[in-house]
Amino acid sequence: MNLRAIGIIAGKEVRSYFGSPMAYIVMAVFLAFSGFFFASSMSQPFPEATVRGFLFPGALALLLLAPVLTMRLLAEEQKMGTLELLLTAPVRDSEIVLGKFLASFIMVAVTLALTLYFPFLLFLFGGDPDLVPILTGYLVLLLVGAMAVSVGIFGSALTSNQIVAAVLSTGLLMVLWLANLTSNLAGGSEIAWKTAVDYLAISGHMQDLAFGILNTTDLVYFVTVIAFFLFVTIRVLETRRWR
Amino acid sequence: MRLPRVLSLPRLPFLADLGLALGAVALLALVAGGLLYLLVPELKGWSLGLIGASGVLLLLFLLFSYREVAQFLGTRRGRYGLNTLVVVSTLGLIVGIANFVGYNQSYRQDLTATSLFTLNSRTIRALDDLADPVTAFAFFPLSQTNPLPASGETTMGYYAAGLLREYSLRSKLFSYRVVDPEQDPTTAAKFNVVQYPSVVFSSGARSQLTTDVSEQSFTAALLRAVGQELKTVCYLTGISGRSSTDASDAGYSSASDALVQENYVVREVSLGTTDEKVPEVCWTIVVAQPGRDLTDSEAALLHEYLDDRKGSALFLLEPEMPGSFTSFLAEYGIEAGGGVVLDGVSRVRQDQTRPAAQPDQHNVQHVITAPLSRQSKLTFYPLATRAAPVDPNPEPQRIALTSLVRTSLERSWLETGGEDPKTAEAGPKDIRGPISIATAALVKREPSGSSRIVAVGDSDFASNTFFRLEGNEDLFLNSVNWLTEEEKLITIRVKQGPRFMVPTQRELTWILYSSVAFFPLAVALVGALVWWRRR
C-alpha cells in the first residue's frame, strides 16, 4: 500500500474541506450542540468535574454530522464522472478509500479538538477533574467519529446522489445507535438475539470508556466495524471496474 | 458452460419465471423463519418449518432456473459478483467471530483515579459466592434511565443501572432489568413496589427491596435475597469511652459508617444492664477506650462470650486504661499498657507522642497488616500504649500471638517514668523499642474452633478525626474482617467518590455563553471569512 498516495488524496480532501464554509458550519453546529449539553451538566446542583455530560449527545451529533462531511467524497466523483479518472490513475482502490477516510477523520478530530475548551473550563474553575475519564471519553468520541466516517464513505460509494448517500449513511448509523432501544421495546431479557442486538448498539459500547473504564470488547467492536465498512467500500468501488 | 446431461431438461420459459419467483419466496421464507426463530422461541416448530420450506423452494428455484443461474455465473459480472459476495460474507463472518471472542474474553480495567467503578471486596465476595441466579428489578421512571439525559448523567436511575451492570459483569448468575413502573405496573405490583426509585433483588421465592441507590444497600439486599444474614459488630457501651454514633471529633461514627459500607450491622450493647450477656447476633465486640474497670460480672460475661461461645473482640486501648483490662488481656497472652509509646524517628509532625508505623513496620506475615505493608500504607497512633505479645508465650500450643505493628527500631521506647511525653527522653527504666502497638491473638478451643482478639494500644486512630487518614481505616476494618472470619474482605480501600465542583453563578454564566454561543460563533465567523475570500 502506498502511504504517500493516501497522504496526497487525504491532503487534497482536507484542503477542500477547509476551503469551503461547509466544514466550519458543521464544526460550529457541533460545538454549539455539545456546548449546550456540557453547560447543562455543569448547571446541576453538584456537578461532577467531568465532560461526560456532552459525550453521548456529542456522539449522536457526530453520527448525524459525519455523513454530511462524507456524502460528497465518492458520490460527487461518480456524478461528475471524475471517479473513472481516479480509478485509472496509478492508485489502488484501497488507497483512494483510505485517503478519503483519513481526510474526513482529520476533520472529525479537529472538530473534537475544539471541544477541549470544555475540560479547560473544568481546570480553569478549580474542578480538579480526573484526567483519565476525559481521555477515554475523547477516545470513544474519536472511535465513534471514525465509525461514522467509515459508514458515511460506504454510503457515498453506493450512489452518485449526495443526498441519498447522506440519508443512507445516517439511517444505517441510527439503526446502530438505536439498536438496544429496539430490543428493549421488544421485551424479554434472556434471549440470545436480544444480547446480540444490544451488542450492535453504539451507545452500549460508549458507556465504559465514557466513565474511564477500558474494555477490550468495545475496542474490538469499533475497530472491526470500521474495518468492515472500509473493506466493503473498497469492494463496492471495485465493482465499478466490472459492472 | 457445459451442463451435466441429467440437467439438460427442455427449456420452458414459464418454468424459468416460476423458478425465479420461487427463489424470491425462498429468500423471504428464510428471512421470516430466521426472525421467527430468534424473536418468538415459542413458535420454534413454525420457524423450522419455514426454514425447511425455504430450502425446498431454493432447490426448486435451482431446478427450474438452472440455465439462468448458470448463464449468470458464466458472465464476468456473475463471477466477480459472486466473488465479492463470498469475500464480503467471509469478512462479515470474521468480524462476527472477532466480536464473539471479544465479548466473551474481555479485559476490563477501571482507570479512574478513585476506582469509582470498582466494586468493593464485600460485593465481589457476595457475587462470587452466588449459587443460584439473582435478578434485580430496578424500578425507575424511564426519564431517569434515558441514555441521553438532558441534565447530565448523574440521575439516580442512570447511576443505579450502571452499578447493576457492574454486578452483572462480575457474575453470570446475576442479571438485572430496568423497569418503568408506569409502563409495566404488573411487575411493580408483583413485588409490592409503591415508591420510586426502588430496586428489588429476587432469587427463587425470596426477594428483597431497597430504596437506597448505593453499592452498600444493593449488596445488603442481594445478601438477604439469597438468604444470608449480615454480620453484626457490637460496640460495648458503659465500658467504652467512645460511641459508635458520636459524630464529634472523638466519636466513632466514621468507623461505624465504614463498617456499614462493608455490609456489617452495627449496634451498641450494654452488659449487665439492658443486655444480660453479649447477644448471640454479635460476631465481634468492640471496646474502644476503656473508661473504667471491668466489674467481675462483666469480666465473666466477656469470658463466657470469648471462651465458651468462641467469640472475638477488638480492644482499642489508651495509656491511662484501667488495670482490670491489663489483667484481662494478659489471660489471652497480650501485654497491654504500662506507659506511653514514644518514637523519636517515625512520628507525625515531629511529635514523638504520635508514633507512625511506616509500611515496613506492619507485619507482612499477618493477613490484617500484610496489605498495609505491600501497598506502602502508613498508620499512626496519637498517644498510644503498648499492646504486645507476652514474651515468651506461656501457651504456644493453644495461643498464637502475632505482633501486628511495631514502632521504629531506633529511638522508640515505652515511657514508664511518668515524664511529660512531649519532652521525655528515654531513661534507664523505660523499655527500649521496637514496641508492639497492636497484637492479634488466636486462641484454640476444644474440641474445635477458636477465639480471636485484636488489641491496639490506641483508640484515637479510629476516631472521626484520624479514621480516614492514611491507612488507619484499613487497619480498623481489616481487624474487624479478621475477627469476623471474613479474611477474603481484607484489602486496602481506595477512597471513593466522584470529584465535584462548585462553580459560581458568574462562572456558570461564562460556561454557558462561551460554550453555546461565543466559541461556535467564532468558528462560524472563520467559515464566513473563508467563504468571503473564495467568493
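Fair warning: this is a prediction, and the values are worked out from it, not measured in the lab.

1. Details of the overall build of chain A
Scanning chain A from terminus to terminus reveals eleven helices and one strand. Going from the N terminus to the C terminus, chain A shows its helices and strands as α-α-α-α-α-α-α-α-α-α-β-α. On C-alpha atoms alone, chain A measures out to a radius of gyration of 19 Å, which is about the 18 Å that the 2.2 N^0.38 rule sets for 243 residues. Each principal axis of the C-alpha atoms in chain A carries an extent, and together these give about 60 × 45 × 30 Å. Counting every position in chain A, which comprises 243 residues, the buried fraction comes to 60%.

2. Remarks on the state of the cysteines
All names here are of chain B. This structure, assessed with the given rule, holds one disulfide over all chains. With a sulfur-sulfur separation of 1.9 Å, cysteine 234 is cross-linked through a disulfide to cysteine 282. Across the S-S bond of cysteine 234 and cysteine 282 the torsion is about -90 degrees, and the bridge reads as left-handed. Of this pair, cysteine 234 sits in strand β6 (residues 232-236) while cysteine 282 sits in strand β8 (residues 282-288); the two residues are 48 residues apart in sequence, bridging distant segments of the chain. You can call cysteine 282 buried: its relative accessible area is 5%.

3. Regarding the interface of chain A and chain B
The interface is formed by 67 residues belonging to chain A together with 63 residues belonging to chain B. Buried surface at the junction of chain A and chain B, both sides included, amounts to about 5,800 Å², of which 69% is carbon and sulfur. Inspection of the region where chain A meets chain B yields two salt bridges. Note that Asp208(A) is salt-bridged to Arg108(B), the shortest N-O span being 2.8 Å. For the pair chain A and chain B, the number of links is twelve residue pairs in polar contact (both at pLDDT 80 or more). Contributions of two or more residues to the side of chain A that touches chain B are made by α2 (21-42), α3 (52-80), α6 (117-124), α7 (131-158), α9 (192-200), α10 (207-210), β1 (213-215) and α11 (216-242) of chain A. Among the elements that take part in the side of chain A that touches chain B, α2(A) stands out by supplying 14 residues, more than any other.

4. Quick word on the packing of α3(A) against helix α5 (residues 93-114) of chain A
Residues and elements named next belong to chain A. Between α3 and α5, the least distance of the axes is 11 Å, while the angle of their chain directions is 150 degrees. Considering their axes alone, α3 and α5 lie roughly antiparallel with respect to each other. Our pair here, α3 against α5, has a crossing hand that is right-handed. Of the residues in α5, those in contact with Leu62, Leu69, Thr70, Leu73, Leu74 and Glu77 of α3 are Ile96, Lys100, Ser104, Met107, Val108 and Leu112.

5. Describing helix α9 (residues 253-261) of chain B
All buried positions along α9(B) are accounted for by Ser253(B), Ser254(B), Ala255(B), Ser256(B), Ala258(B) and Leu259(B). Note on α9(B): the residue one or two positions beyond its end, Asn263(B), has a positive phi of about 65 degrees.

6. Some details on the packing of α11(A) against helix α4 (residues 76-104) of chain B
Closest axis-to-axis distance for the α11(A)/α4(B) pair is 9 Å, and the angle between their directions is 175 degrees. Comparing the axis directions of α11(A) and α4(B) gives the class roughly antiparallel.

7. Details of the environment of Thr237(B)
All names here are of chain B. With respect to the helices, strands and loops of the structure, threonine 237 is situated in the loop between β6 and α9. Between the C-alpha atoms of threonine 237 and leucine 529, which are 292 residues apart in sequence, the distance is 78 Å. Discounting residues that sit within four places of it in the chain, threonine 237 has contacts with Glu268, Val269 and Ser270.

8. As for the sheet that holds strand β18 (residues 431-432) of chain B
One open sheet accounts for three strands, arranged β11-β17-β18 (chain B); its pairing is antiparallel. Lying at the two open borders of the sheet, with one neighbouring strand each, are β11 (340-343) and β18 of chain B.

9. Regarding the domain arrangement of chain B
Residue and element names in this part refer to chain B. For chain B, the assigned domains are domain 1 (5-74), domain 2 (121-225), domain 3 (232-489) and domain 4 (505-535). Each of domain 2 and domain 3 has a C-alpha centre, and these two points are 38 Å apart. At the junction of the two partners, domain 2 supplies six residues and domain 3 supplies seven residues. For the domain 2 face of the interface with domain 3, the top three residues by lost area are Arg122, Arg125 and Gln216, together amounting to 73%. Applying the counting rule to domain 2 against domain 3 returns one salt bridge. Among the salt bridges present, the one from glutamate 486 reaches arginine 125, with a minimum N-O distance of 2.5 Å. At the junction of domain 2 and domain 3, the tally comes to one residue pair in polar contact (both at pLDDT 80 or more).

10. Considering the packing of aromatic side chains
Within the structure shown, the criterion is met by 32 aromatic pairs over all chains. With a centroid separation of 6.3 Å and 90 degrees between ring planes, the pair formed by Tyr235(B) and Tyr252(B) is classed as edge-to-face. With a gap of 17 residues between them, Tyr235(B) in strand β6 and Tyr252(B) in the loop between β6 and α9 connect regions that are remote in the sequence. For Tyr252(B), a relative accessible area of 0% gives the class buried. Geometrically, the ring pair formed by Phe467(B) and Phe476(B) is edge-to-face, given 5.7 Å between the ring centres and 80 degrees between the ring planes. Three or more aromatic residues link up through ring pairs in this structure, and these residues are Phe38(A), Phe54(A), Tyr117(A), Phe118(A), Phe120(A), Tyr138(A) and Phe519(B). Positioned above the aromatic ring of Tyr17(A), the side-chain terminus of Arg72(A) is 5.3 Å from the ring centre.

11. Brief notes about the side chain of Glu318(B)
Positionally, Glu318(B) belongs in the loop between β9 (312-316) and α11 (323-330). In contact with Glu318(B), not counting residues within four places along its chain, are Arg242(B), Gln289(B), Leu383(B), Thr385(B), Gly457(B), Asp458(B), Ser459(B) and Asp460(B).

12. So, the environment of Leu39(B)
Following the sequence through the fold, Leu39(B) ends up in helix α1 (residues 13-39). Distance from Leu39(B) to Gly81(B), taken between C-alpha atoms, is 32 Å for residues 42 residues apart in sequence.

13. Digging into the nonpolar core
Within the largest apolar cluster, 81 residues are counted, with the highest numbers of intra-cluster contacts made by Phe38(A), Val51(A), Phe54(A), Trp177(A), Ile202(A), Met206(A) and Phe222(A). In terms of residue count, the dominant contributor to this core is α7(A) (14 residues). Look past the residues within four positions of Val51(A) in its chain and what remains in contact with it is Phe38(A), Phe118(A), Pro119(A), Leu122(A), Ile134(A) and Tyr138(A). Formed by 35 residues, the second largest nonpolar core is a distinct cluster that contains Tyr235(B), Tyr264(B), Ala384(B) and Ile435(B).

14. Focus: the sheet that holds β8(B)
Strand pairs in the sheet, formed through backbone hydrogen bonds, run parallel or antiparallel to each other. All names here are of chain B. Taken in spatial order, the seven strands line up as β7-β6-β8-β9-β20-β19-β16 in an open sheet, and their pairing is mixed. Looking at which strands have only one partner, the edges of the open sheet turn out to be β7 (265-269) and β16 (399-406). Between one strand axis and the next, the sheet turns by 20 degrees as a mean value, whatever way the strands run. The sheet contact formed by strand β19 (residues 436-444) and strand β20 (residues 450-456) spans seven bridges and is antiparallel. Looking across to β20, one finds that alanine 441 is bridged to isoleucine 453.

15. So, the pattern of salt bridges
Tallied over the entire structure, the rule returns 27 salt bridges over all chains. A salt bridge links Glu77(A) to Lys100(A); the shortest N-O distance between them is 2.8 Å. Of the two residues, Glu77(A) sits in helix α3 while Lys100(A) sits in helix α5, which places them 23 residues apart along the sequence. Residue classification places Glu77(A) among the buried positions, given a relative accessible area of 12%. The shortest N-O distance in the salt bridge between Lys277(B) and Glu280(B) comes to 3.8 Å. Within the structure, one salt-bridge network assembled from shared partners comprises Lys12(A), Glu13(A), Arg72(A), Glu76(A), Glu77(A) and Lys100(A).

About the cut-offs
Residues numbered from 1 in each chain as written. Chains lettered and ligands numbered in written order. Predicted model: local features only at pLDDT ≥ 70, side-chain atom pairs only at ≥ 80, totals over all residues. Heavy atoms only, no water. Helix = DSSP H or I, 4+ residues; strand = E, 2+ residues; numbered from the N terminus. Rg over C-alpha atoms; globule rule 2.2 N^0.38 Å. Buried < 20%, exposed > 50% of the residue type's maximum accessible area, 1.4 Å probe, protein only. Disulfide = S-S within 2.5 Å. Contact = heavy atoms within 4.5 Å. Buried area = accessible area lost by both parts, 1.4 Å probe. Salt bridge = Lys/Arg side-chain N within 4 Å of Asp/Glu carboxyl O. Polar contact = N/O pair within 3.5 Å; in protein donor to acceptor, adjacent residues only side chain to side chain. Axes fitted to C-alpha atoms, helices over the stretch in contact; angles between N-to-C directions. Parallel < 35°, antiparallel > 145°, perpendicular 65-115°, else oblique. Left-handed = near helix turned anticlockwise from the far one by under 90°. Pairing = 2+ DSSP bridges. Domains from an automatic or database assignment. Phe/Tyr/Trp six-rings, centres within 6.5 Å; stacked < 30°, edge-to-face > 60°. Lys NZ or Arg CZ within 6 Å of the ring centre and 35° of its normal. Core = buried A, V, L, I, M, F, W, Y, C linked by side-chain atoms within 4.5 Å.

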